[in-house]
Amino acid sequence: MNQAEIRKLIPAVRVAINAKHRKFSNPKGPEGRLTMLRKTVTELVKLERVELNYQRGDEARGYAERLIAMAIKHGDRHIPTMEMANYWLTEKQLVHKLFKVLAVRYKDHTESYTKLHKAPNIYPGFYRERVVLELKGNPFPPLEKKNSSHNWIHNILLEEAHQDYIRKKLKEGERSN
Amino acid sequence: MANLSGRRQSPLYHVIYIEREREREREREREHRIILQEVQMKGPYHKKALTNTAVKQKRSQLFTQEAQRQAALITDIEKIEVQYDGQPENCTLIMNKGMSTPYNCAQHINQMMMERSVLAEVDGQVWDMHRPLEDNCTLRFLHFRQSDPYYANKAFWRSASVMLGAVLESSFKDNLYVELCSYPSPNVRSGSFVYDVDLKIPEWEPSKEELRTLSGEMVKLSLAAHRFERLEVDASVALKMFADNRFKTQQIPQMAAQSTSGNTVVVYRIGDFVEVSRGPMMAGTSHLGKVSIVAVHPIETNEAQLFRVQGVALPRGFLLNHFAYGVLEKRAQQMNSGRLPLNISSTEPQTQASTL
Amino acid sequence: MVMAVVAAAALRSSSTRLSRLLPGVCGEAWGHQARRGAVLRVLPFIPTQDPDVIKKMPEDFRAVYPEFLPGPKPEYRNRLREKLERQDMLARRSVMPIPEFYVGSIMAVTVADPNASGKNNRFVGICIQRGDAGLRAWFILRNVVDHQGVEIKYEMYSPLLQSIEVLRLEKRLDDELLYLRDALPIYSTFPLDMEPEVMQEGAPVPVNPIKVQLKPRPWHERWERKNLQGVMDLGLPERFYKKAKLHEKPWEKYDLMKEYRATIPEEEQADIFREISPHYPLMESTRRRGKRKRVLPSIS
């Protein structure tokens, strides 16, 4: 039976997620999995930038996004949201940070609240894919340099062709008038 | 193809013909050669026809001689310190004065720097990759994918013009003595690179196949991966090199007068094609990627019937879908508005490019 | 058959192309997974540019018309198919009105039946479960006829259905009433000639707080593990409750992504509502008229 759950109305997560959850084999089963992810989410909220394996980072990212979205939507007067924050953030001062700092920071955001960067592998090692997961708008220097391709030769040529086209259209318009 | 089988003969070497047509062509050429040989054997007083091949060889030989002469002037090797600033890390290189080039420095750094660098920046001055370093300096490399690759783009456009000149000089049959005239200052925004050339034909409307052949020649030149060899020579040597070109002989004294030393010009060589230009040029012809020669416009001047050959190109590694590239090609077909060599006797030197 | 296959392939390929054109449709290639074992990624949903689209969606839309929301499993999703299905559903509703009903409502359904005396068959019962989405949506009616429990599963958009009436509109304490199978027959016995009941206009749908008495074990399922609200004390020995305790999954309510993967996001629901909103007034008026009908017999 493939039927949508209608009891709750949840805003869309703004990042790509896996269609199925990752199991992360754990001696304590699914509960242990959540405990493990909880650590990552707490670290992320606390430090705002963490380096970890891709699989774990990508999985924890969804939870962090949902938690922040809940905090923004319902605020700190909503009991289920408060319970959720209490569960996911193991350090209690971070609950305060979530509602008073992060919810305020991302209030008018239209994009995702977190960002996932590729990180170099550790040598020598097992060559698991490494990533850096960070909250947007953190106080650290940016990880990736912005390199604009606006002045690259093909873009210059295409832009000039576009300008030419506009000029031609305008001229045609004038002539028809 | 059908319209090609008519009377019309292509002035180019490599045009695709219907098999029969090609066969006929060969026969005619064979006859022609025999006649020529007879003429040559007949008497020593017969004036030998001036061909581009011979002229090119002569210029290349002079270039080699001059390069050897200049190399011999350096008798003892002096060391200079080059402060490299950039990826993967800043470092100091000990190089040879007047011998080592920025390209040699890149060879010491890594392969990626060696292959992608188009120009060097030496003490803030744009420098050719194959121009020897003259003193202690700081060094940076420029490439096409920087956030503002102004100088690299300009050098690319200029080098494309020069490569077009090389192709024009070598692609025509020997009975046409092609004289290269000049090209306007490289302007990427104009949408096409240009070479003005005297083909010694009163009129020529190239067919699609002919244009494609020229483009193919450009690609071959790019695949040959020649370096842009740079040499600063005395005006007299340059005049000797370009004695067979009436346009260049007029331009060289003016260029020499404008140079810093007052009597030298810069010549570049790719393969065996030699061109006088102020530069700078990109590191090698292999930087040229997708290229097409799209149009030939006749230009009337008071001395000769010139043709403005136009093309558009992208550096190697820049992928553009065929539709977008088609838009660029279509735009490049318009007559380039760059400066025309109108009055040849008073033409400015061929490159208006600032020395940056 | 070959034609159908070709058409299906064309549909699938066109759905990816269409997704670029339709506003608010996700950009990825939905439909069947390209490779076995490949990880399917769900790209973020791109909502329409209208900022008030969520506010325009009525509160009760997803509760009254749950079958208009697609199934949330990404591997079975296909935006084009869902869109076409919704059109078909609206077309069917314009021919045969489908009233508002919930699990726990008592309903009467008439279906075409070639073997029945009047070529149709009417069945009255309590809705114990409803499921699936789109054209495949169904519900199960249960009744006890001649001391024999009878359950019939009806597909809501089946062309065989001639009418659906709601005799008593109410909800129960649970989402599924499958435990009625193990309850005393009295709780699922309804007269086949039951009259539609009175309901005040504009009143909220009442929740029936009735607690049913289950028969002694054996049962179809271990009801003590289901956290049922609508049953009386089960009267089981202590060991059953201990075992049930072991099977509890109290962490599941904190699994934010599990919850998310089971739902259709708010923005997408709003987009679906936006798509069917031209038909919505008509759907609402039929719903209101259905309620009024229920009022009329009591007046006369």
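Remember, predicted model here, so these are calculated numbers, not experimental data. (Residues numbered from 1 in each chain as written. Chains lettered and ligands numbered in written order. Predicted model: local features only at pLDDT ≥ 70, side-chain atom pairs only at ≥ 80, totals over all residues.)

Details of the overall build of chain B
- The helix and strand inventory of chain B stands at nine helices and 12 strands.
- The proportion of buried residues among the 356 residues of chain B is 40%.
- Across chain B, the fraction of contacts at a sequence separation of at least 24, relative to all contacts at a separation of at least 6, is 70%. (Helix = DSSP H or I, 4+ residues; strand = E, 2+ residues; numbered from the N terminus. Buried ≥ 20, exposed ≤ 12 C-beta atoms within 10 Å, placed from the backbone. Contact = placed C-beta atoms within 7 Å.)

Description of the interface of chain A and chain B
- Chain A puts 12 residues into the contact, and the matching count from chain B is 18 residues.
- Here the side of chain A that touches chain B is built from residues that sort into six nonpolar, four polar and two charged. (Nonpolar A, V, L, I, M, F, W, Y, C, P; charged D, E, K, R; others polar.)

Considerations on the confidence of the model for chain C
- Looking at chain C as a whole, its pLDDT mean stands at 85, while 84% of the residues score no less than 70.
- Between residues 1-33 of chain C, whose pLDDT stays under 50, and residues either more than four places distant or in other chains, the model counts 35 contacts. (pLDDT = per-residue confidence, 0-100.)

Remarks on the environment of D50 of chain C
All names here are of chain C.
- Mapped onto the fold, D50 is located in the loop between β1 (41-42) and α2 (61-64).
- Given 14 C-beta atoms within a 10 Å radius, D50 is considered partly exposed.
- In sequence terms D50 and D271 are 221 residues apart; their C-alpha atoms lie 9.7 Å from each other.

Quick look at the environment of Y106 of chain A
Residues and elements named next belong to chain A.
- By the element assignment, Y106 lies in the loop between α4 (92-105) and β3 (114-119).
- For Y106, a count of 21 C-beta atoms within 10 Å gives the class buried.
- Between the C-alpha atoms of Y106 and G137, which are 31 residues apart in sequence, the distance is 8.8 Å.
- Residues in contact with Y106, not counting those within four places in the same chain, are I68, I72 and Y113.

Overview of the sheet that holds β3 of chain A
All names here are of chain A.
- Strand order in the open sheet formed by three strands is β2-β4-β3, and the pairing between neighbours is antiparallel. The open sheet has two free edges, formed respectively by β2 (49-53) and β3, since each of these has just one partner strand. In this sheet, neighbouring strand axes are inclined to one another by 25 degrees on average, regardless of whether the strands run parallel or antiparallel.
- Pairing geometry for β3 and strand β4 (residues 130-135), over six bridges, is antiparallel. Bridged to A119 within β4 is R130.
- With respect to the sheet, helix α1 (residues 29-47) is in contact with β2 and β4, its orientation differing from that of β2 by roughly 150 degrees. (Pairing = 2+ DSSP bridges. Axes fitted to C-alpha atoms, helices over the stretch in contact; angles between N-to-C directions.)

Things to note about the packing of helix α2 (residues 54-74) of chain A against α4 of chain A
Residue and element names in this part refer to chain A.
- As a packed pair, α2 and α4 sit with axes 9 Å apart at the nearest point and diverge in direction by 90 degrees. Relative to α4, the element α2 is oriented roughly perpendicular. Touching I68, A71 and I72 of α2 are L98, F99, L102 and A103, all from α4.
- A breakdown of the residues in the contact of α2 with α4 according to their chemical character gives seven nonpolar, no polar and no charged. (Parallel < 35°, antiparallel > 145°, perpendicular 65-115°, else oblique.)

Description of helix α5 (residues 153-176) of chain A
- With 24 residues, α5 of chain A extends 35 Å from end C-alpha to end C-alpha; this agrees with the ideal 34 Å at 1.5 Å per step.
- Across the 24 residues that make up α5 of chain A, only a small minority, two, are buried. (Expected span 1.5 Å × (residues − 1).)

Brief notes about the sheet that holds strand β3 (residues 119-122) of chain B
Residues and elements named next belong to chain B.
- Pairing within the open sheet is mixed, and its five strands lie in the order β2-β1-β5-β3-β4. Two strands in the sheet have a free side with no partner beyond their single neighbour: β2 (91-96) and β4 (125-127). Averaged over all adjacent pairs, the angle separating strand axes in this sheet is 35 degrees, with direction ignored.
- The pairing of β3 with β4 spans three bridges and is antiparallel. In the strand pairing of β4, E121 is matched with V126.
- Across the sheet, helix α3 (residues 102-109) is in contact with β1 (79-84), β2, β3, β4 and β5 (137-142); its angle to β2 comes to roughly 130 degrees.
- Packed onto the sheet, helix α5 (residues 150-171) meets β3, β4 and β5 and runs at close to 130 degrees relative to β3.

Structural notes on the pairing of β2 of chain B
- One ladder, built from six bridges, connects β1 of chain B with β2 of chain B; its direction is antiparallel. Note that in β2 of chain B the partner of I80 of chain B across the bridge is M95 of chain B.

Examining the pairing of strand β10 (residues 273-276) of chain B
All names here are of chain B.
- Burial of β10 is two-sided: the residues F273 and E275 facing one way and the residues V274 and V276 facing the other way are all buried.
- Pairing between strand β9 (residues 264-270) and β10: four bridges, direction antiparallel. Bridge pairing in β10 places Y268 opposite E275.

As for the nonpolar core
- The biggest cluster of nonpolar side chains holds 81 residues, and the ones touching the most others in it are M163, L164, V197, V265 and V267 of chain B.
- No other element matches the 11 residues that α5 of chain B contributes to this core.
- Apart from residues lying up to four places away in sequence, V197 of chain B is in contact with L168, V178, L180, C181, L306, F307 and V309 of chain B.
- Within the second largest apolar cluster, 37 residues are counted, among which are Y154, M156, L169 and I272 of chain C. (Core = buried A, V, L, I, M, F, W, Y, C linked by C-beta atoms within 7 Å.)

Focus on unusual backbone geometry
- A cis amide bond, omega -10 degrees, links Q87 of chain B with the succeeding residue P88 of chain B.
- Relative to the helices and strands, P88 of chain B is located in the loop between β1 and β2.
- Cis geometry is found at the peptide bond from G279 of chain B to P280 of chain B, where omega equals -5 degrees.
- Inspection of the secondary structure assignment puts P280 of chain B in the loop between β10 and β11 (288-300).
- Positive phi, close to 70 degrees, is recorded for E48 of chain A, a residue that is not glycine.
- With respect to the secondary-structure elements, E48 of chain A resides in the loop between α1 and β2.
- Phi at K200 of chain B takes a positive value of approximately 65 degrees, unusual for a residue other than glycine.
- Given 14 C-beta atoms within a 10 Å radius, K200 of chain B is considered partly exposed.

Here's the deal with the interface of chain A and chain C
- Across the boundary between the two partners, chain A contributes 28 residues, which contact 36 residues of chain C.
- If you list the elements that add at least two residues to the side of chain A that touches chain C, you get β1 (17-18), α1, α2 and α3 (79-88) of chain A.
- Here the side of chain A that touches chain C gets four residues from one element, more than from any other, and that element is α2 of chain A.
- Residue composition of the side of chain A that touches chain C, grouped by class: 18 nonpolar, five polar and five charged.

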